[in-house]
Amino acid sequence: MTDEELIAETSEGPQELQDLDDTSPEELAIEQGSAMRLPEGLVLDPGDIDVEFGSDETMIINMGPQHPSTHGVLRIMLELEGETVMRSKPIIGYLHTGMEKTGEQLTYVQGATNVTRMDYLSPLHNELVYSLAVEALLGIEIPRRATWIRMLMTELNRIASHVMWMATNGMDLASTSMMIYGFRDREMILSFFEKTTGLRMNHDYIRPGGVAADLPDGWEDDVTAIIDTIPGRVDEYDGMLTGQPIFKQRTEGVGIISPELAIAMSATGPILRASGVAWDLRRDMPYLAYDEVDFDVIVGTVGDTYDRYAVRLNEIRESCKIVRQCIDKMPLGDYRAQDKKVTPPPRARIDESMEALIHHFKIFTRGFEVPDGEVYVAIESPRGELGCYMVSDGSNKPYRMHIRGPSFVNLQTLPPLLRGGLIADAIAVISSVDPVMGEVDR
Amino acid sequence: MGGTAFGRTPGDTALMGGVVSPGAELAGAGVIASSGALSQEVLHVTREGYLNVLVSLREGGFDMCADLCAVDYLRHLDRALPEGVVAERFEVVVNLVSIARHQRVRVRVQVPESDPVVSSLFHLYPGSENMEREAFDMYGVRFEGHPDLTRILMPDDWEGHPLRKDYSVGRVPVQFKEAPGPR
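Figured I'd write up the structure that's included with this text. What you are looking at is a predicted structure, and each value in this text was computed from that prediction instead of being measured.

## Points about the overall build of chain A
Along the backbone of chain A there are 19 helices and eight strands. Relative to its 442 residues, chain A shows a buried fraction of 50%. Contacts spanning at least 24 positions in sequence make up 69% of the contacts within chain A whose residues lie at least 6 apart.

## As for the interface of chain A and chain B
With 50 residues of chain A at the interface, the matching set in chain B holds 37 residues. Elements with a minimum of two residues in the side of chain A that touches chain B: α3 (99–105), α5 (123–138), α6 (144–172), α10 (259–264), β6 (373–381), β7 (384–392), β8 (400–404) and α16 (406–410) of chain A. Here the element with the most residues in the side of chain A that touches chain B is β6 of chain A; it accounts for five residues.

## Looking at the sheet that holds β8 of chain A
All names here are of chain A. Here we have three strands laid out as an open sheet, ordered β6-β7-β8, and antiparallel in their pairing. One side of each edge strand has no neighbouring strand; the edge strands of this open sheet are β6 and β8. Neighbour-to-neighbour, the strand axes of this sheet turn through a mean angle of 10°, independent of strand direction. Two strands pair when backbone bridges link them, and β6 and β7 are joined in this way by nine bridges, in the antiparallel orientation. Bridging across to β7, Glu-380 finds its partner in Glu-385. Across the face of the sheet, α5 comes into contact with β6 and β7 while running at roughly 150° to β6.

## Side note on the packing of helix α7 (residues 176–197) of chain A against helix α8 (residues 219–242) of chain A
Residue and element names in this part refer to chain A. Axis separation between α7 and α8 bottoms out at 11 Å; the angle between their running directions is 165°. Of the possible angle classes, the one that applies to α7 and α8 is roughly antiparallel. The two elements α7 and α8 meet at a crossing, and its hand is left-handed. Together, Met-178, Tyr-181, Asp-185, Met-188, Ile-189, Phe-192 and Lys-195 of α7 and Asp-222, Val-223, Ile-226, Thr-229, Ile-230, Arg-233, Tyr-237, Met-240 and Leu-241 of α8 make up the contact between the two elements. Looking at the contact of α7 with α8 residue by residue, the class counts come to eleven nonpolar, one polar and four charged.

## Here's the deal with unusual backbone geometry
Residue and element names in this part refer to chain A. Even without being glycine, Asp-204 reaches a positive phi, approximately 55°. Tracing the backbone through its elements, the reader meets Asp-204 in the loop between α7 and β4 (206–207). Backbone geometry at Asp-434 places phi at a positive 60°, although glycine is not the residue there. Tracing the backbone shows Asp-434 in the loop between α18 (423–433) and α19 (437–441). Given 25 C-beta atoms within 10 Å, Asp-434 falls into the buried group.

Here is what the cut-offs are and how they apply
- Residues numbered from 1 in each chain as written.
- Chains lettered and ligands numbered in written order.
- Predicted model: local features only at pLDDT ≥ 70, side-chain atom pairs only at ≥ 80, totals over all residues.
- Helix = DSSP H or I, 4+ residues; strand = E, 2+ residues; numbered from the N terminus.
- Buried ≥ 20, exposed ≤ 12 C-beta atoms within 10 Å, placed from the backbone.
- Contact = placed C-beta atoms within 7 Å.
- Pairing = 2+ DSSP bridges.
- Axes fitted to C-alpha atoms, helices over the stretch in contact; angles between N-to-C directions.
- Parallel < 35°, antiparallel > 145°, perpendicular 65-115°, else oblique.
- Left-handed = near helix turned anticlockwise from the far one by under 90°.
- Nonpolar A, V, L, I, M, F, W, Y, C, P; charged D, E, K, R; others polar.

Shape is all these values report; function is a separate question.
Below, the structure is given as structure tokens:
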């Protein structure tokens, strides 16, 4: 067999790369992974930017998962034409630890320890939504003081989370002083958390039935010191960033999302509010005692990165207002429900009563049974709607515990936000979405 | 004020009062039963009528798909469901929000184990994309019409669907290099 014959027999035709134009869209989808498509329908309007689909000029690069400005292990596939981002796709799962599955193996008492590790920047919100779901299934009422303690703590946590966001956002936009300041302020709140709950993060403080411990002596002074300091500091950051030309140029008009698109993409939290939709579960579907406190819902107009920054900045001020009202209105009373079924006996009783000891032991080993049912509870976390769908089959462990993580859902807005922008803007946009990968991957 | 009212202190009873129940409007169009247990509006729909019901809910003002997840009822195939609903192994649960009306509704659809397929909501609510991918990844429920139904949290070559009840904990060795498996 001659060389020519061999080639003719084994040839698969010309091997040069064809123009992408020659490839049918279906084939292209398989080749590049339909992954790289933008959501169609409402989301895709080919007229709004010039997308040259078949051009050979585009290049696909991976950003992350080790890129410092992806806030953890987020990987984004970017299709670039020159420096312009065309399509993109967030790829997640690098931090997946099966927390929903773990939640099914733990009793209701242990569960809060598990969920608190999801969104590590606002652990108390995770515990709150979990506890509210369990309490809804149990049908127990918690004392007013516990409700207000929960509100106080979650609002402080919101401040800590937003300040932390200001810090990392500043770092992404090359304002390193903001990073130092942000961490400094967050530490102040975390020290108070440590004093109250024993830990800086992952507190397991809010539990089904109330909270783990009462506020420490002198908490009013500590909290007052925090909320006397923070607004002044926020004004400082306002002066440092808000009018600053470099910061404005990097954020204004970058990553715009319309209110219709934000709603269609199920975006919640600051992303939705920055686009102009006044939707805040604290006001619109009040839980805890949010209908008894006075605060404003901060709304943007344009829906760009700058608006999302402004919304978060002002939400810190609103949270300070709520915390101040919590100090004034904090009721006296129990910090946990006196329901023998879910509440362990007081520590002092254990020393003198065998029954109390057994009771204590039973609650922390076997836990308590929760009646049949299913419930969906949602609260406003710093990142948006944090939901918990819980199914109970009457045993001492949840049959199904699903957490609707706001970051997980908000991450879908990245492709439309990044599209048409520069790759340098991608840093600002990713930061403004504020994904916490622990919650995205769960 | 409809929807959630959890963690409220005694005396708050502002629940579903005064809000038109979406179940009543949609009776017959694929909705088998509706219930208001725990003050939450729940609609049970047939698999065939699922998409139609969602279309009418969307037109009826439920403009955001807040959540979508699946549940595996392997150990409770004989669970109590409203009259007319045939229990199947899987259930897909969709939570919708009406921003204008401040209202929530939950749609539950039964999905049989032998043919775990339901229609995708992608063209109705583009935001359901990630959630449907997660439900597929974790339960193997397929969503017909989804543009990119691939694994989202687990590695692409993973076998099995981890949140199924017959997928036990610790069955799969943790994938560390050269580390011996647990068994």
